Amino acid sequence: MWMRIKRTLKALPKWQLGVLGIFFGIIFLTIFGPYLAPFPTETADPLSRLVPPGGKHWLGTDENGMDIFSRVLAAPRTDVVIGVVATFISVVIGAPLGVLVALYETRGKAGATAFAETFMRLLEVMQSFPVFVFAMVLVAVFGGSLTNIIIAIAFVNTPVFIRLVRAEVLTLVQRPFAEAARAVGNNEMRLGFRHIFPNAFPVVMVQVSVTVGFAILLTAGLSFVGAGVRPPTPELGAMIASGAKYLIIEQWWPALFPGIALGLTVFSFGIFGEILNLAMEPRAVRKDLDRRRTNALESAAGEAAAVPVAVAASVGASAAPVLAVSDLSVAVGDAGGQELISNISFSLAPGESMAIVGESGSGKSVLVKSVLQLLPFPLEVTSGAVRYGDIDLVGMEKRKLRKLRSREIAAILPNAKSQLNPLTTVGAMLTSALKAHEKISNKDAIARSIELLEMVGITDPELRLSAFPHELSGGMAQRVCLALALMYRPRLLIADEPTAGLDVTIQRQVLDLTRDLARDAGTARLVITGDFGIAAHYCDRVAVMQAGRIVEANRTEELFASPQHPYTKYLLSCVQV
Amino acid sequence: MRFAAYLGLRFLFLIPQIVLISFITFVLVRMLPGNPARMSLGPLAPESAVEALREKWLLDRPIFEQYGAWLEKAFTGDLGESWVNNTYVLDDLIQRIPVTIEIIVLALIMVFLFLVPLAIITAARTKNRIVRFFQNITFGYGMLAGALPDFLLGLVLIFIFFTHAGILPGPEGRLGILDFESPFVTGSVLIDSLIAGDFDNFWSGAWHLIMPVFTLAFVYGAPIFKMLRSQMEGALQADYTIYAEAVGIKPRTVFLRAARVASGPTIVITGVVVMFLLGGAVLVETVFNLTGLGQYAVQSIVTADYAPLQGFVSFAAVFTMLVYLAVDLVQFAMDPRIKAVGSR
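Please read these numbers as outputs of a predicted model, since none were measured by experiment. (Residues numbered from 1 in each chain as written. Chains lettered and ligands numbered in written order. Predicted model: local features only at pLDDT ≥ 70, side-chain atom pairs only at ≥ 80, totals over all residues. Heavy atoms only, no water.)

Engineer: I keep staring at the sheet that holds strand β6 (residues 409-412) of chain A and nothing clicks. Help me out?
Structural biologist: Residues and elements named next belong to chain A. As summarised here, the arrangement of the six strands in space is β6-β7-β8-β3-β9-β10, forming an open sheet in which the pairing is mixed. Since the sheet does not close on itself, it has two edges, and those belong to β6 and β10 (549-555), each with one partner. With strand direction ignored, the average angle separating the axes of adjacent strands in the sheet is 15°. Note: strand β9 (residues 541-546) against β10, six bridges, orientation antiparallel. Each bridged residue has a counterpart across the sheet, and for R541 the counterpart in β10 is R555. (Pairing = 2+ DSSP bridges. Helix = DSSP H or I, 4+ residues; strand = E, 2+ residues; numbered from the N terminus. Axes fitted to C-alpha atoms, helices over the stretch in contact; angles between N-to-C directions.)

If you want it as structure tokens, here you go:
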């Protein structure tokens, strides 16, 4: 816990640290503010009305002659307390209700589901009252005492927590740990409250901070229109309201200082929520971890390079290669960033197939993206060339590069289903791809798309054209991608983990199909995989990658027969149990 | 077909929801402190007259009976009378709804003209200097706008542009004190003055609208802006966008398809914001002295005026339900993954 706080604080930008300071300052004032005020905060002094800032009254005095500085110091006691207590009540009531509703919904019994559904509809009805007006009516009905204001604000915020917790529990219930807890024999209620709810807690905490800010804003708004806290209690909204009429006649201080205080309060609660989010969500602090892991990889790479091995350098340089990568390095950002792949060189002859094998994190995918010129923003090629025939792809104009894509250089990227836009049909994807590369009528494009789908063995291609990606199986999506890759019989196919996530029989089918179609078209293949079996079975040559470098490359049979580099030996020993 | 079924189902849900909302409102409003018959007749009226009026207004009957009577009248368009001003609520609403709708719609138009393009431009991760500049500015905006109370922004604007600079008109309502309103057609200052061909009034109206509309757009545009930007950021870095580029699909198409994915959640949040705008209008109308729905509600709460409050809250609820419905329908039409049944 302490470590996590420390790490989060370190990762924060300076201004957020400043806001965090203000936040704790406001908490401090909430507790001690009224005792620190140099002047009485609720006693009028008709002799010193509307004194400008300076002198005895640092921030001036208001229409009743009360010292604004003192009142601003004392105000968090009202505003923040209302916000915090109201939010606390909303959570205490809303969160358990959210868990209950979600449990009823997942129980699967008709009665329980109907109950949950009705409850959610009722909630929708409640939420359809405009929040502000609803709170106003509640305060008007029950009277404007502090307790009633708190209850009204708590009441309008409760649905937020019911919804939030319900949504969280609904997703958490499907997680393996919930399944396990159920399998061990926990009953439904225990499962919900002991096992699942604690996991929803971080999300709730973040929302709490945001809601407190919102509740403070609501309190101030209510008081501003005269339906909330009433003067002379020091409250920011009421102070702004009483100052508003003087603002127009140049006496700005009675309204502006409380206004700034209100803005700062809400702002700091909002930022505190974001900081909490950062601290709670493991992903957010990853930056730090990433750096550590890259360092480990680098030192491993250093050791490996120290081992004197005959790396079969520039292998396979026979006739003019289709693809020649030389001395390629990619780093994060500009000069001085972390290097992700270093000095990679290899080449690929026409029609040849080559596998690049390595563990996850070895830089395989970065290599693919850099060859395809698709590196995401902070990553950049820092040295080397990617030559396709005579052309260097690195730094090539995007417009010219696009002409090459699919027509000459095709790509298959991992996990086909996530590669297809969820809102674009298979037909739209195929026809737009065709239209991007040739002048073709809509009708012809559709006919070609059907042919392409037939080619990759998809049944009922006409029907599939109107299918969305979520309606396809993984294997089917992979076949669609294959159709896209081979629509122009390209000279080079780069396949990154082409079968990840597919089951074994489908894997075989897709790989066989890819090999056969590529062979027919004379396409050279670069296959990136973590699976030595695929490499051995489908590729002429194999290169082994470790920590961003190619440590060994050779013809497939030779590499398997006599691995040279210790890392290759190690990987092979893992496979041949 | 799928769409028609969904539409029918939603409308089926709508009617009981609206009835329920009006009933809850009815009960709440009747719980307001104060005796409306006494308030209407004044403190000097004899007790017997007050009793008679109570009977006439059915205030002595059980709440269900009162509600039934109200509902029956409401169907014929009679929403009751204000006890304070002796005006018909329906007439009041017709006068005031356009005022509020006008600032809400104009604020939304401003959001879509300025903030939406900004969000889309600043979503791309690039080294482009101009984009970087806008990214820094909008980052500050996103931070600020969530924390700024709308009424405070309105006051500060008045202080700067009216009191100090004297460029914009002060909080004197929809038109200047000496301007006469154009004949009522739609209720919108801008449209009515154009219909009447009174361009002086049109400019005066537009001039008076600048600050309230800017206030609403600035404060309530922030959630739309933030949502669209983060969604667009995600969509532009998503696998499917990179893959579409790898296939060589035209950049315009790739971009539009990413924007389409990003627009789904943005539409949802826009619906929520429209609902909040109705609440925000209450405060902004108070600050700028606009005679819209918000002011109407505040006055009727303060004076325990049953009928106007009932009318206002019922309108607000129906309005909100319709906005939610519209949002759901747009989403349903756009996203094939949403099934016809089931709630959000």
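Engineer: I tried to follow the domain arrangement of chain A on my own but got confused; where do I start?
Structural biologist: Interfaces are often sized by the amount of accessible area the parts lose when they come together. The domain architecture assigned to chain A consists of domain 1 (11-281) and domain 2 (350-372 + 391-573). Spacing between the C-alpha centres of domain 1 of chain A and domain 2 of chain A amounts to 52 Å. (Domains from an automatic or database assignment.)

Engineer: How should the sheet that holds strand β5 (residues 391-392) of chain A be read in this particular structure?
Structural biologist: The strands that make up a sheet pair up through hydrogen bonds in the backbone, lying either parallel or antiparallel. Residues and elements named next belong to chain A. Pairing is antiparallel across the open sheet formed by four strands, whose spatial order is β2-β1-β4-β5. Looking at which strands have only one partner, the edges of the open sheet turn out to be β2 (339-348) and β5. In this structure, strand β1 (residues 323-332) lies alongside β2, joined through six bridges in antiparallel fashion. Bridge assignment links L328 to a residue of β2, and that residue is I344.

Engineer: Would you mind showing me how to read the side chain of H437(A) here?
Structural biologist: Among the secondary structure elements, H437(A) is positioned in helix α16 (residues 426-437). Overall, the relative accessible area of 12% leaves H437(A) in the buried class. Engagement of the side chain of H437(A) in a polar contact is seen with the backbone oxygen of V247(B), the distance being 3.0 Å. Discounting chain neighbours no more than four positions away, the residues touching H437(A) are R402(A), K403(A), R405(A), S406(A), R407(A), M487(A), Y488(A), V247(B) and G248(B). (Buried < 20%, exposed > 50% of the residue type's maximum accessible area, 1.4 Å probe, protein only. Polar contact = N/O pair within 3.5 Å; in protein donor to acceptor, adjacent residues only side chain to side chain. Contact = heavy atoms within 4.5 Å.)

Engineer: What's the story with the pattern of salt bridges in this structure? I'm lost.
Structural biologist: Think of it this way: side chains of opposite charge can pair up when their charged atoms draw near. All names here are of chain A. One pass over the structure, following the stated rule, counts twelve salt bridges over all chains. In this structure, E63 engages K245 in a salt bridge whose closest nitrogen and oxygen atoms are separated by 3.9 Å. With E63 in the loop between α2 (14-36) and α3 (68-74) and K245 in helix α10 (residues 236-247), this pair connects stretches of sequence that are 182 residues apart. Looking at E63, the relative accessible area reads 17%, which means it is buried. Its salt-bridge partner being K400, residue E397 comes within 4.0 Å of it at the nearest N-O pair. Take E397: its relative accessible area is 39%, and that puts it in the partly exposed class. (Salt bridge = Lys/Arg side-chain N within 4 Å of Asp/Glu carboxyl O.)

Engineer: What's the story with the interface of chain B and chain A in this structure? I'm lost.
Structural biologist: Between chain B and chain A, the contact holds 70 residues from the first and 74 residues from the second. Summed over both partners, the interface of chain B with chain A comes to about 6500 Å²; 73% of that surface belongs to carbon and sulfur atoms. Counting across the interface, chain B meets chain A through one salt bridge. In this structure, E245(B) and K398(A) form a salt bridge, with 3.2 Å as the shortest nitrogen-oxygen distance. Across the chain B-chain A interface, the total number found is ten residue pairs in polar contact (both at pLDDT 80 or more). Residue assignment for the side of chain B that touches chain A shows that the elements contributing at least two residues are α1 (2-30), α6 (129-145), α7 (150-164), α10 (239-247), α11 (251-288), α12 (293-302) and α13 (306-334) of chain B. Considering each element in turn, the side of chain B that touches chain A owes the most residues, 13 residues, to α11(B). (Buried area = accessible area lost by both parts, 1.4 Å probe.)

Engineer: What is the right way to look at helix α8 (residues 189-196) of chain B in this model?
Structural biologist: Helical periodicity: at 3.6 residues per turn, an α-helix aligns residues three or four positions apart in one direction. All names here are of chain B. Every buried residue of α8 is accounted for by V189, L190, D192 and S193. Elements in contact with the buried residues of α8: α5 (89-121) and α9 (199-237). One or two positions beyond α8, positive phi appears at G197, with a value near 70°.

Engineer: Would you mind showing me how to read the environment of G533(A) here?
Structural biologist: Residues and elements named next belong to chain A. With respect to the helices, strands and loops of the structure, G533 is situated in helix α21 (residues 532-538). The exposure class of G533 is partly exposed, given its relative accessible area of 40%. It is 8.6 Å that separates the C-alpha atoms of G533 and V575, two residues lying 42 residues apart in sequence.

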